[in-house]
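Here are the chains, one letter per residue:
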Amino acid sequence: MALALQSLSLNPGKRVLPGFALSLGISLLFISLVLLLPVTGLLMQTAGMTWQEYWSVITDPRVVASYKVTVYAALIASLFNGVVGLLLAWVLVRYEFPGKRLVDALMDLPFALPTAVAGITLSALFATNGWYGSLLAEVGIKVAYTPLGIIVAMSFTSLPFVVRTVQPVLEDLAAEDEEAGITMGGSDLTVFRRVVFPSLWPGLLTGIALSFTRSLGEFGAVIFIAGNMPYISEITSLMIFIRLQEFDYAGASAIASVVLLASLILLFAINIWQAHYLHRIHGR
Amino acid sequence: MSIRVENISKRFGGFQALHPLSLEIPDGELIGLLGPSGSGKTTLLRIIAGLETADSGQIFFHGEDVTRVHVRERRVGFVFQHYALFRHMTVAENVAFGLEVMPKAERPPAAEIRKRVANLLEMVQLGHLAQRYPAQLSGGQKQRVALARALAMQPQVLLLDEPFGALDAKVRKDLRRWLRNLHDELHFTSVFVTHDQEEALELSDKVVVMSAGRIEQMDSPPQLYARPESRFVFEFLGHVNVLEGEVNNSRLQQGEAWVNLPRSVADGSAQLCLRPHEVRLQAQPDASANLPLQISAVSLIGAEVRIELEPIGWQVAEPWEVGISHNAYNAWQPMRGDRCFAVPELGHLFTPEQTAPQTLHWLQEAQSLPKMPPRLQQVI
């Protein structure tokens, strides 16, 4: 017995929870197969090009115009989602009303719906003879087949990101904090701005960033409503698709690598910032 | 500022949290609301603060009706059980919050705010931690920051909801003493909620004992201890040894156990309640009582040795506890399994007819009181 104890204590690195090596191994294998390998394949496709060719493909004026349209639309869409998503999450967490469960379930609809279906539905609704489009046309706003349509489609498909990241943070937020703010004489707005919002901020920003990166790569929902006019309403995903149709795999991969890089940098930056912020709040 | 509560009641759905109750808290007193969980003490505190609205009744601060005044304008300092510090702000920013959110016209200038925050942090002995975040503080430090923050606007009423509930015993004791000193120094009116009878008795000028949404008794700690008005108050203030039986010819009997009552009591069922220090243990039964017991546990914690006893030949709901001095323990050396007899010195008899108990003395007053030096007049 004493010997057994001694031999155990000689191996202090032994984990108490079993299955670490196996579960980590499967996880890493899965990540490699599903994420890293395709990304590597993508980069391999571009390996046949010289730097000069690569550069000329990704700085083609029509492609650059598509970057601008995509980033611009994704930015507006994700900021819009930030506001609306926060509001929806707030309503879903803070208030009780009939049909709350249903509304909560509907939040995930944009994820569940095939993006092409969403795109066709949206373009039908917003076309000048559609339900919304005809009303908007009267006040002189044209949505379908303009950059505005791109924003609508991007916003629709990525809204759940914001709602679903903010919701749990709001649920965890102690009512005591708000009450403390109010007993000290803070107005509702001050308490929201100085007490509630700083706690939501990391979650909200993550949601907005996810919404933004998803919008950068959105294809199905956008192309049906965008109109796809060169230099005006062509998105980067479409440029990749066009290259693929021309059997220009290297060119398609080159443009895709730009989108990939932009998304990765953004996600890393958000993660680092968030870790820093949360470190301050949780002291770990 | 005095606080008057009149006929306040509150119902949450089907649960009557507070039955209409009234309470008068004089200016500058430290009052403890004591009761088990679910007794309505926190609800009452929150209604006084304005965080909860009462279904009926009125609240007066210094004679002024504040029932309809919003919590924001009531200007009470409120300390929460779990501190409720703002995690994204430093200690100094937390304390400054109440001053910074004041309307521009009333707000002191920035330099004045800084000075006041520094003074408050000095007062709670945390000046050196001003730039830390709450996550970097211990529980006791957090609660002191919460106190400093509540005091920043110089409230005349300080309300504390189980302020020491989440702290360990040693820190609790320090903070208790410290709060008492602070209160004596600054003279605000304070109300605090606790479920710990020791805390309530040690800290308060008066204790309000609550049970099931009603006030059972409000009295100073010595009064409460000496003259509990109900069985609930009696039992809530510490362990109670109970002998439940039938009175016959001034003798209370149950099974083999009996006690001769020193005063004539009407025949019928009755309960004799004895506090752990009001019972003497001895090897033989006394002429006044025959309460055979067997020792089931001995624990040497604190100033007394606590002995747990099981009855022999009679029934109790809870085992008896008797406290003896360490000297007595050393002389007697009781062990688990030993038999002995309890002899009451002072007891409280409850009968079904009346809620308030009758106090019974087996020893002569003069005999039971130890000789003390005469009290010096100038101290009072």
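Predicted model, so just to flag it, every value in this text is computed and none were measured.

The feature "domain: ABC transmembrane type-1" (unreviewed entry), as annotated in UniProt, sits at residues 67-270 of chain A in this numbering. Segment residues 67-270 of chain A splits into 80% helix and 0% strand. End C-alpha atoms: 21 Å apart.

Turning to the domain arrangement of chain B, a few remarks are in order. For an interface, size is often stated in terms of accessible area lost upon the parts coming together. You can read the domains of chain B as domain 1 (3-228) and domain 2 (239-379). Between the C-alpha centres of domain 1 of chain B and domain 2 of chain B the distance comes to 39 Å.

Quick look at the environment of Trp178(B) now. Tracing the backbone through its elements, the reader meets Trp178(B) in helix H6 (residues 169-186). Excluding its chain neighbours within four sequence positions, the residues that come into contact with Trp178(B) are Met123(B), Val124(B), Gln125(B), Arg144(B) and Leu147(B).

With that out of the way, let us pick up the pattern of salt bridges. Summed over the entire model, instances satisfying the criterion amount to 26 salt bridges over all chains. Arg164(A) serves as the salt-bridge partner of Asp104(A), at 3.0 Å between the closest nitrogen and oxygen. With a gap of 60 residues between them, Asp104(A) in helix H5 (residues 100-106) and Arg164(A) in helix H9 (residues 147-172) connect regions that are remote in the sequence. For Arg164(A), a relative accessible area of 27% translates into the label partly exposed. Among the salt bridges present, the one from Glu29(B) reaches Lys206(B), with a minimum N-O distance of 3.6 Å. You can see Glu29(B) sitting in the loop between strand S2 (15-25) and strand S3 (30-34) and its partner Lys206(B) sitting in strand S9 (residues 206-211), a full 177 residues away along the chain. Classification of Glu29(B) by relative accessible area gives buried; the value is 18%. Look at the salt bridges and you will find they share partners, linking Arg172(B), Arg176(B), Asp196(B), Glu199(B) and Glu202(B) into a network.

A few words now on the pairing of strand S10 (residues 214-219) of chain B. Working note: regular strand, side chains alternate between the two faces of the sheet. All names here are of chain B. Two strands pair when backbone bridges link them, and S9 and S10 are joined in this way by five bridges, in the antiparallel orientation. Bridge pairing in S10 places serine 211 opposite arginine 214. Counted between consecutive antiparallel strands, the loop separating S9 from S10 contains two residues, among which alanine 212 sits at a positive phi close to 50°.

Further remarks concern the side chain of Ser288(B). Residues and elements named next belong to chain B. Tracing the chain through its elements places serine 288 in the loop between strand S15 (279-282) and strand S16 (289-299). Within the structure, serine 288 has its side chain in polar contact with the side chain of aspartate 286 (distance 3.1 Å). Serine 288 has contacts with Trp258, Val259, Asn260, Val343 and Trp362, leaving out every residue within four places of it along the chain.

Before going further, it helps to examine the nonpolar core. All names here are of chain B. Counting 39 residues, the largest nonpolar core has Ile3, Val5, Leu33, Leu44, Ile48, Ile59 and Leu159 as the members making the most contacts within it. The biggest single contributor to this core is helix H1 (residues 41-49), with five residues. Not counting chain neighbours up to four residues away, the residues in contact with leucine 44 comprise Val5, Leu18, Leu21, Leu23, Leu33 and Met210.

Once that is clear, we can look at H6(B). Residues and elements named next belong to chain B. Relative to the 26 Å expected for 18 residues at 1.5 Å per residue, H6 spans 26 Å between its end C-alpha atoms, a close match to the ideal helical length. Inspection of H6 places Arg172, Leu175, Arg176, Trp178, Leu179, Arg180, Leu182 and His183 among the buried residues, and these make up the whole buried set. Buried residues in H6 make contact with S3, helix H4 (110-123), helix H5 (139-151), strand S7 (157-161), strand S8 (189-194) and helix H7 (197-203). Following H6 by one or two positions, histidine 187 has its phi on the positive side, about 60°.

The next thing to look at is the packing of aromatic side chains. We describe a pair of aromatic rings using the distance from one ring centre to the other and the angle between the two ring planes. Residues and elements named next belong to chain A. The full count for this structure, using the stated rule, is 14 aromatic pairs over all chains. Ring geometry for tryptophan 51 against tyrosine 54: centres 5.9 Å apart, planes inclined by 90°, an arrangement best described as edge-to-face. On the criterion of helical spacing, the pair formed by tryptophan 51 and tyrosine 54 is a turn pair, its members being three residues apart in helix H3 (residues 51-58). Here tryptophan 51 falls in the exposed class, since its relative accessible area comes to 71%. On the basis of relative accessible area, tyrosine 54 is assigned to the buried category, the value being 18%.

In the numbering adopted here, UniProt assigns the feature "domain: ABC transporter" (unreviewed entry) to residues 3-237 of chain B. Secondary structure over residues 3-237 of chain B splits into 37% helix and 26% strand, and the C-alpha atoms at its two ends are 25 Å apart.

This part takes up the interface of chain B and chain A. Facing 24 residues of chain B, the contacting portion of chain A comprises 22 residues. Of the roughly 2200 Å² buried between chain B and chain A, counting both surfaces, carbon and sulfur atoms make up 61%. It is Arg72(B), Arg87(B) and His88(B) in chain B that bury the most area against chain A; as a group they hold 31% of the surface buried on that side. At the boundary of chain B with chain A, the tally comes to three salt bridges. By residue class, the composition of the side of chain B that touches chain A is 14 nonpolar, five polar and five charged.

The end-to-end C-alpha separation of H9(A) is 38 Å, in line with the 38 Å expected for 26 residues at 1.5 Å each. Maximum bend of H9(A): about 45°, positioned at Ser158(A), with proline Pro160(A) one to four residues after it.

Our focus in this paragraph is the packing of helix H10 (residues 175-183) of chain A against helix H11 (residues 188-217) of chain A. Residue and element names in this part refer to chain A. Where H10 meets H11, the axes come as close as 10 Å, and the angle between the chain directions of the two elements is 130°. With respect to their mutual orientation, H10 and H11 come out oblique. Like other packed secondary-structure pairs, H10 and H11 cross with a definite hand, here right-handed. Of H11, the residues touching H10 (which contributes Asp177, Glu178, Gly181 and Ile182) are Asp188, Val191, Val195 and Val196. When its residues are assigned to classes, the contact of H10 with H11 shows four nonpolar, one polar and three charged.

Let's shift gears to the UniProt feature "transmembrane region" (unreviewed entry) in chain A. Residues and elements named next belong to chain A. The positions UniProt marks with the feature "transmembrane region" (unreviewed entry) are residues 20-44, 65-91, 111-132, 144-163, 195-212, 219-242 and 254-273. The annotated region residues 20-44 carries 100% helix and 0% strand content, and the separation between its end C-alpha atoms amounts to 33 Å. Summarising residues 219-242: 58% helix, 0% strand, and an end-to-end C-alpha distance of 12 Å.

Considering the arrangement of structural elements, one finds Phe86(B) in the loop between strand S6 (76-79) and helix H3 (91-100). For Phe86(B) and Phe97(B), which are 11 residues apart along the polypeptide, the C-alpha to C-alpha distance reads 9.5 Å. Discounting residues that sit within four places of it in the chain, Phe86(B) has contacts with Asp177(A), Ala180(A), Gly181(A), Met184(A), Val195(A), Asn94(B), Phe97(B), Pro134(B) and Arg149(B).

In this section: the sheet that holds S10(B). All names here are of chain B. On the basis of which strands lie adjacent, the open sheet formed by six strands has the order S6-S7-S8-S3-S9-S10 and mixed pairing. In this open sheet, the two strands that pair with only one neighbour each are S6 and S10. Put simply, the sheet's adjacent strands are angled 15° from each other on average, direction ignored.

This next bit is on the sheet that holds strand S5 (residues 64-65) of chain B. The strands making up a sheet associate through backbone hydrogen bonding, with each pair oriented either parallel or antiparallel. All names here are of chain B. Pairing is antiparallel across the open sheet formed by four strands, whose spatial order is S2-S1-S4-S5. Pairing within the sheet leaves two strands with one partner each, and these edge strands are S2 and S5. For strand S1 (residues 3-12) and strand S4 (residues 56-61), the ladder comprises five bridges, and the chain directions are antiparallel. Along S4, the bridge assignment pairs valine 5 with isoleucine 59.

The rules behind these values
- Residues numbered from 1 in each chain as written.
- Chains lettered and ligands numbered in written order.
- Predicted model: local features only at pLDDT ≥ 70, side-chain atom pairs only at ≥ 80, totals over all residues.
- Heavy atoms only, no water.
- UniProt positions renumbered as here; feature names shortened; annotations may be inferred.
- Helix = DSSP H or I, 4+ residues; strand = E, 2+ residues; numbered from the N terminus.
- Domains from an automatic or database assignment.
- Contact = heavy atoms within 4.5 Å.
- Salt bridge = Lys/Arg side-chain N within 4 Å of Asp/Glu carboxyl O.
- Buried < 20%, exposed > 50% of the residue type's maximum accessible area, 1.4 Å probe, protein only.
- Pairing = 2+ DSSP bridges.
- Polar contact = N/O pair within 3.5 Å; in protein donor to acceptor, adjacent residues only side chain to side chain.
- Core = buried A, V, L, I, M, F, W, Y, C linked by side-chain atoms within 4.5 Å.
- Expected span 1.5 Å × (residues − 1).
- Phe/Tyr/Trp six-rings, centres within 6.5 Å; stacked < 30°, edge-to-face > 60°.
- Buried area = accessible area lost by both parts, 1.4 Å probe.
- Nonpolar A, V, L, I, M, F, W, Y, C, P; charged D, E, K, R; others polar.
- Bend = angle between axes of the 7 residues up to and from the residue.
- Axes fitted to C-alpha atoms, helices over the stretch in contact; angles between N-to-C directions.
- Parallel < 35°, antiparallel > 145°, perpendicular 65-115°, else oblique.
- Left-handed = near helix turned anticlockwise from the far one by under 90°.

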